[in-house]
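So the chains spell out like this:
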Amino acid sequence: MESGGISLPSGSDGVKRKVSYFYDPEVGNYYYGQGHPMKPHRIRMTHALLAHYGLLQHMQVLKPAPAKDRDLCKFHADDYVAFLRGITPEAQQDQLRQLKRFNVGEDCPVFDGLYSFCQTYAGGSVGGAVKLNHGVCDIAINWAGGLHHAKKCEASGFCYVNDIVLAILELLKAHERVLYVDIDIHHGDGVEEAFYTTDRVMTVSFHKFGDYFPGTGDIRDIGYGKGKHYSLNVPLDDGIDDESYMSLFKPIVGKVMEVFRPGAVVLQCGADSLSGDRLGCFNLSIKGHAECVKYMRSFNVPLLLLGGGGYTIRNVARCWCYETGVALGMELEDKMPQHEYYEYFGPDYTLHVAPSNMENKNFRDLLDDIRSKLLNNLSKLQHAPSVPFQERPPDTELHERDEDQDDKDERWGPDSDTEFGDYSNPVPGRVKREYVEVERNDSAPAVVPMAVDEPSIKDEHDNSKNLSDQWLR
Ligand SMILES: [Zn+2]
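Keep in mind that what you see is a predicted model, and the values were worked out from it rather than measured.

A few words now on the overall build of the protein chain. Of the regular secondary structure elements, the protein chain holds 12 helices and 9 strands. The 473 residues of the protein chain split such that 62% are buried. Looking at the protein chain as shown, the accessible area adds up to about 18,100 Å², and 47% of this sits on carbon and sulfur atoms.

In C-alpha cells form, the structure reads like this:
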C-alpha cells in the first residue's frame, strides 16, 4: 500500500523507529477519589512494566514540562482555565455555580493537584508534538494523555483539558494535514467537535454507539462546511472481536491515508476497548488493539501515541507496555518480569490475556454496511487539501528533561521561561454547531487561528449522569 505523507528519517525498513517517551513520575500520585474508575496509577504501572521489560533504554525518556495557562488557552476558554487553576477540594462549597457551569464535581471531580495533573498530561502531548515537528523522533508517546472528551469550556467524561486538541494544533504548525484516529470505546467527541469544520484535520473514531456515553458519534455525522467528509464515525456494538474490528479498521484507515495523506498522525489508544474492561463492553485482545498501532506505524508518518480510557488497570498497563514494544519494533516475552506491581497480574503473570466468550453483536452484514457507507463517504473527499505555508509559526517551547539527567532541583533550565511567540490570534476552539475555521488555501495564513463562537449547545449532561450512575452504584 502506498504510504503517503512524508517519510521518516529512519526510513521505510519497517523495523526501527526513533521513539520519544514522556513520563512524569508524579503522575501516578493523582487520585480522582474513592470508587472512581479513572486511576492515574495505571500510568505508573505501565512505566514499571516498560522499565522491567528493558524498553526504556531504547527510547528517549522525557519528563514533560507542565503546560502553562497560555498553552491551555490555545483551545480552552480563559475563564475555564482560571477556574481549573483555582479550584481546590476545600473551596468547592463556595463555588457551586462555577462547578455546575464547567461540569466539574461528579464524573470529573475536584481533587488535590487537579491543575498540575492537567498541566502534566497536556505538557506530555504538546511536548510530543513539538518533538515530532522538529524531527527529533518518529514516534512520540504520552500514555498520560488522550483525554478526548474535554470541551473548550467544560470538563467531561473524566477529562478536564483536551491535550489531544492542543497537540494537533501544535502539529498543524508544521503539517498541512493531521489525521486523528481514536480507538477508545467511547466516541472522541471533544476532538471531533474542535475540528468539525476544517479540512486540515480529519478525525476518525471507532466506538460503541447506542445508549452509551457520550451519546454522539453517529455514522451520519460527517463534518460541516469545509470540514464536510473530514469527520468519520464508526459505530460499533457490544462484543466486537479482533477480526471484526480489523475488517473495518484497515480498509477505512488505509483509504483515509491514501486520500487524505496526513503529514502527521495522532492515535488515541484508549484501552477501555479491551476485553474485560470495567466500563467497556468490547472484546478486543491486546494484540488486536495493538494491531491498530502496528498498522498506523507502517505508514512511516510521524506518529503521536496517546493513552485515554482504560479501567481494568492491569490490562491497561499490559496493553500500553505491549504497544510501546510495537512502536519500538520489539516483540515482548509473554512471561512477565518481576517488578513492584507483579501481584496485580496473577494468577498467570503474563502480558497477554485471552478475550472472553461474550457474544459479538456486530454481525457480518452490519459491518459490511458500515464499511461501504464510510468508504463511499471517503470517495467524496477531495484529495489532500492543502494550505500554503508562508511562514512557520513559532513552536511551543516546552523544556522537558531527559529522565537520565533529571534532577528535581534543576528541573528548569535558565531559558525555560522563554516567552512564546505572538499568539494574539483568536483562540482556536470550536464547538459542534458553532464552528471554528482552521484556515485553508487562498489567502489563508500559515497559522491556524479559527473564528470562535461562544458555545451554545450542551447536550451531554444527561449522558454523563448515566455514566455516574453506572459506576457509582
Ligand atoms: Zn473511553
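This brings us to the UniProt feature "active site" (unreviewed entry) in the protein chain. Those places that UniProt annotates as "active site" (unreviewed entry) correspond, in this numbering, to H149. The residue H149 is located in the loop between β3 (139-142) and α6 (163-171) in this model. Contacts of H149, omitting those with residues within four sequence positions, involve S156, G157, C159, N162, H186, H187, D189, G190, F213 and P214.

All right, on to the coordination of the zinc ion then. Octahedral metal centres with six donors ideally show angles of 90 or 180 degrees, and tetrahedral centres with four donors ideally show 109.5 degrees. Protein-derived coordination of the zinc ion comes from D184 (OD), H186 (ND1) and D272 (OD), at a distance range of 1.9 to 2.1 Å. Mapping the donors of the zinc ion onto the primary sequence gives the spacing D-x1-H-x85-D. Within this pair, whereas H186 is found in the loop between β4 (178-182) and α7 (189-194), its partner D272 is found in the loop between β7 (264-268) and α9 (286-297), the two being separated by 86 residues in sequence. Each member of the pair H186 and D272 is classed as buried.

Another aspect to go through is helix α8 (residues 242-260). With 19 residues, α8 should reach 27 Å at 1.5 Å per residue; the first-to-last C-alpha distance of 26 Å fits that figure. Every buried residue of α8 is listed here: S244, Y245, M246, L248, F249, I252, V253, G254, V256, M257, V259 and F260. On its buried side, α8 packs onto β4, β5 (201-208), β6 (231-236), β7, α9 and α11 (364-379). Once α8 finishes, R261 follows within two positions and takes phi at roughly 45°, a positive value.

For the rest of this paragraph, the subject is the nonpolar core. If you look at the biggest cluster of nonpolar residues, it comprises 142 residues, and the most contacted ones within it are Y160, F206, Y245, F249 and M296. Leaving out residues up to four positions away in the same chain, F206 has contacts with V181, D182, I183, D184, V234, L236, Y245, L248, F249 and V253.

As a packed pair, α8 and α11 sit with axes 10 Å apart at the nearest point and diverge in direction by 5°. One element, α8, and the other, α11, form an angle in the roughly parallel class. Residues S244, S247, L248, P251, I252, K255, V256 and V259 of α8 form the contact with α11, whose participating residues are L367, I370, R371, L374, L375 and L378. Within the contact of α8 with α11, the residues separate by chemical class into 10 nonpolar, 2 polar and 2 charged.

For the rest of this paragraph, the subject is the environment of H352. Mapped onto the elements of the fold, H352 is located in the loop between α10 (313-328) and α11. For H352, a relative accessible area of 18% translates into the label buried. With 30 residues separating them in the primary sequence, H352 and Y322 have C-alpha atoms 8.8 Å apart. Beyond its immediate chain neighbours, meaning those up to four positions away, H352 contacts I286, K287, Y322 and D334.

Enumeration over the complete set of coordinates arrives at 20 aromatic pairs. A ring pair is formed by Y32 and F111, whose centres lie 4.8 Å apart and whose planes are at 35°; its orientation type is tilted. Taken as a pair, Y32 in the loop between β1 (19-22) and α1 (41-52) and F111 in the loop between α4 (96-101) and α5 (114-133) lie far apart in primary sequence, 79 residues in all. Across this residue pair, the class does not change: Y32 and F111 are buried. Judged by centre distance (6.1 Å) and plane angle (80°), the rings of F111 and Y160 are edge-to-face. Residue F111 is located in the loop between α4 and α5, and its partner Y160 is located in the loop between β3 and α6; the two are separated by 49 residues in the primary sequence. Across the pair, exposure class does not vary: F111 and Y160 are buried alike.

Right, let's talk about the side chain of N162 for a bit. Tracing the backbone through its elements, the reader meets N162 in the loop between β3 and α6. By relative accessible area, which is 0% here, N162 ends up buried. Side-chain polar atoms of N162 contact the backbone oxygen of A150, separated by 2.9 Å. Excluding its chain neighbours within four sequence positions, the residues that come into contact with N162 are F75, H76, L147, H148, H149, A150, G190 and V191.

On to the pattern of salt bridges. Applying the stated criterion across every chain yields a total of 14 salt bridges. A salt bridge links R177 to E176, with the shortest nitrogen-to-oxygen separation between them at 3.2 Å. Here R177 falls in the buried class, since its relative accessible area comes to 8%. For E176, a relative accessible area of 29% puts it in the partly exposed group. A salt bridge links D237 to K208, with the shortest nitrogen-to-oxygen separation between them at 3.2 Å. Highlighted residues: D237 in the loop between β6 and α8 and K208 in strand β5, separated in sequence by 29 residues. Relative accessible area serves as the criterion here: at 24%, D237 is assigned to the partly exposed category. The buried category is assigned to K208, whose relative accessible area is 10%.

Cut-offs used in this document
- Residues numbered from 1 in each chain as written.
- Predicted model: local features only at pLDDT ≥ 70, side-chain atom pairs only at ≥ 80, totals over all residues.
- Heavy atoms only, no water.
- Helix = DSSP H or I, 4+ residues; strand = E, 2+ residues; numbered from the N terminus.
- Buried < 20%, exposed > 50% of the residue type's maximum accessible area, 1.4 Å probe, protein only.
- Areas by Shrake-Rupley, 256 points an atom, 1.4 Å probe, with all protein chains shown as cover.
- UniProt positions renumbered as here; feature names shortened; annotations may be inferred.
- Contact = heavy atoms within 4.5 Å.
- Donors = N, O, S within 2.8 Å, 3.2 Å for Na, K, Ca; no water.
- Expected span 1.5 Å × (residues − 1).
- Core = buried A, V, L, I, M, F, W, Y, C linked by side-chain atoms within 4.5 Å.
- Axes fitted to C-alpha atoms, helices over the stretch in contact; angles between N-to-C directions.
- Parallel < 35°, antiparallel > 145°, perpendicular 65-115°, else oblique.
- Nonpolar A, V, L, I, M, F, W, Y, C, P; charged D, E, K, R; others polar.
- Phe/Tyr/Trp six-rings, centres within 6.5 Å; stacked < 30°, edge-to-face > 60°.
- Polar contact = N/O pair within 3.5 Å; in protein donor to acceptor, adjacent residues only side chain to side chain.
- Salt bridge = Lys/Arg side-chain N within 4 Å of Asp/Glu carboxyl O.

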